[in-house]
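As a plain string of letters, each chain reads:
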Amino acid sequence: MRELTLDLGERSYPIRIAPALLAENDWPAFIAGNQACVVTNETIAPLYLESVLARLDGKRVSVVTLPDGEEHKTLSTLNQIFDRLLEDNHTRKTTLIALGGGVVGDMTGFAAACYQRGVPFIQLPTTLLSMVDSSVGGKTGVNHALGKNMIGAFYQPECVIIDTSTLATLPAREFAAGLAEVLKYGLIADLPFYNWLEANWDGLLARDPELLAEAILRSCENKAKVVAEDEREGGRRAILNLGHTFGHAIETATGYGSWLHGEAVATGMLMAARLSADLGWIAEVEVERLASLLKCAQLPLKPPADMTAEQFLSLMARDKKVLDGRLRLVLLRGLGEAIVTDEVDQAQIVGAIEALR
Ligand code: NAD
Ligand code: GLY
């Protein structure tokens, strides 16, 4: 088993990575009381709920099975969790268990942050994206019709248990979307990892278990380091949003659900790389290198055909990183070195968007 710790003082927690952890690891020891509520969705429940419930024998357990999809990551769906917790008399000693991808994880974490002003929760991520990104670092929340993840809280789990066996059932498109976030860590802060990913890209695409476990570990290590330095995104944590400002605009414009989050991030990262090259910060060949990796993974290289640069700018103006009316972007000062800047001309941003359309 690979293991690391996200170091947040008293709120530090372990991240464990290995096959068969749902069934075999001692993760139920993180449930302090005798009550728990597993939150999952209708796709994941038939696959993995039984093996999770088998580990909770002897406890009073409720299950909430949410509808599947980003379009259900809303306040009204969140109420289904609160309804069940209250109907089943869950107290402040209950533990919520998120079994699923980033949508289930973000919603369960937010429900845990809010229920009776805060109860513990455990992350059992089942998509590659949630294993390398959303389950780690404590960002929780739901979407609003006017913007993604606009309602939420920073709230850390008790542990993150990454059972890599669950990747066997993940659809190819979802798997590729997760790989986009893996690439992100190499681009923003870890050039040796980026080079390693490139060298092992074919094996990763073939879901080689050893390569995947290593890629998940390196991704989690990178994320944990950034979060430990800046838990509430006062500064450096924003680099984890490489490609996200462009990507969120795509997700909002297309309606949540038609583009996967990781797909939108992939195109967004290419736009950020394009802009960084236009500014002379990275070489042209690095943009091509990234495009080639994304293409091999069948990730989109272009934004939606009907999305104009004006539409991008107006949606990007609602980004959480906007400060005093100035758009702040995560760009690459070099390969493996991200910075946050508000000093890029609008014309240059438009130029980078147009270059990819
Ligand atoms: P998702 O949760 O929608 O899961 C993708 C699809 O795969 C769903 O249909 C799901 O039911 C299915 N699925 C999950 N695990 C499966 C498995 N093992 N086998 C078969 N099917 C499976 O999407 P995601 O990509 O995991 O997460 C995206 C969400 O994460 C977005 O809402 C995004 O905003 C959020 N996010 C949050 C953070 C954070 O820091 N909190 C970071 C990145 C992304
Ligand atoms: N996914 C960005 C963050 O966790 O900060």
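Just so it is clear, the structure is predicted and the values come from calculations on it, not from any experiment.

Asks: Explain the overall build of the protein residue by residue, including any values.
Replies: Per the secondary structure count, the protein includes 14 helices and 11 strands. For the protein, the C-alpha atoms occupy an extent of roughly 60 × 40 × 35 Å along the three principal directions. For the protein, the exposed area adds up to about 14,300 Å²; of that, 50% sits on carbon and sulfur atoms. Within the protein, the 46 negative side-chain charges are centred at a point lying 4 Å from the centre of the 33 positive side-chain charges.

Asks: Describe the site of ligand 1, naming the residues involved and giving the relevant values.
Replies: Close contacts around ligand 1 come from 27 residues, with Asp68, Glu70, Gly102, Thr127 and Thr169 the closest. Between ligand 1 and the protein, one listed contact pairs a nitrogen atom with a backbone N or O atom of Lys139 at 2.8 Å. Backbone polar atom of Thr166 to a nitrogen atom of ligand 1: 2.9 Å apart, as the coordinates give it. Compared with its free state, where it exposes 860 Å², ligand 1 has 91% of that area covered by protein. Within the shell around ligand 1, the residues separate by chemical class into seven nonpolar, 11 polar and nine charged.

Asks: Lay out helix 7 (residues 191–199) with the relevant residues and their values.
Replies: Listed as buried for helix 7 are Phe193, Tyr194 and Leu197. Looking straight down helix 7, one finds that the buried residues subtend no more than 100° of arc, so they occupy a single side. Away from the buried face of helix 7 by more than 90 degrees, exposed residues Pro192 and Ala199 are located. Looking at the buried side of helix 7, the elements it contacts are helix 6 (172–189), helix 8 (201–205), helix 9 (209–229) and helix 12 (284–296).

Asks: How would you explain the pairing of strand 1 (residues 2–6) if you had to name every residue and give the values?
Replies: When strand 1 meets strand 2 (residues 13–18), the two strands line up antiparallel, connected through five bridges. Each residue of the ladder has a partner; that of Leu4, found in strand 2, is Ile15. Turn length for the strand 1-strand 2 hairpin, with the two strands adjacent in sequence and antiparallel, is six residues, and the turn residue Gly9 shows positive phi of about 60°.

Asks: Can you break down a negative patch on the surface residue by residue, with the values?
Replies: Where like charges cluster on the molecular surface, the negative patch consists of Glu42, Asp68, Glu71 and Glu174. Turning to its location among the elements, Asp68 is positioned in the loop between strand 4 (60–66) and helix 3 (75–87). Residue class for Asp68 comes out partly exposed when judged on its relative accessible area of 33%.

Asks: Give a detailed account of the pattern of salt bridges, specifying residues and quantitative values.
Replies: Evaluation of the coordinates by the stated rule reveals 21 salt bridges. Among the salt bridges present, the one from Asp278 reaches Arg274, with a minimum N-O distance of 2.8 Å. Highlighted residues: Asp278 and Arg274, both in helix 11 (residues 261–278), separated by four residues, approximately one helical turn. Two residues, Glu354 and Arg357, come together in a salt bridge whose shortest N-O distance is 3.3 Å. Given the relative accessible area of 37%, Glu354 is considered partly exposed.

Rules used throughout
Residues numbered from 1 in each chain as written. Chains lettered and ligands numbered in written order. Predicted model: local features only at pLDDT ≥ 70, side-chain atom pairs only at ≥ 80, totals over all residues. Heavy atoms only, no water. Helix = DSSP H or I, 4+ residues; strand = E, 2+ residues; numbered from the N terminus. Areas by Shrake-Rupley, 256 points an atom, 1.4 Å probe, with all protein chains shown as cover. Lys, Arg positive; Asp, Glu negative; His and termini not counted. Charge placed at Lys NZ, Arg CZ, Asp CG, Glu CD. Near = heavy atom within 4 Å. Polar contact = N/O pair within 3.5 Å; in protein donor to acceptor, adjacent residues only side chain to side chain. Nonpolar A, V, L, I, M, F, W, Y, C, P; charged D, E, K, R; others polar. Buried < 20%, exposed > 50% of the residue type's maximum accessible area, 1.4 Å probe, protein only. Arc of directions from axis to C-beta. Contact = heavy atoms within 4.5 Å. Pairing = 2+ DSSP bridges. Patch = residues over 30% accessible without salt bridge, like charges linked within 9 Å, V, L, I, M, F, W, Y side chains within 5 Å. Salt bridge = Lys/Arg side-chain N within 4 Å of Asp/Glu carboxyl O.

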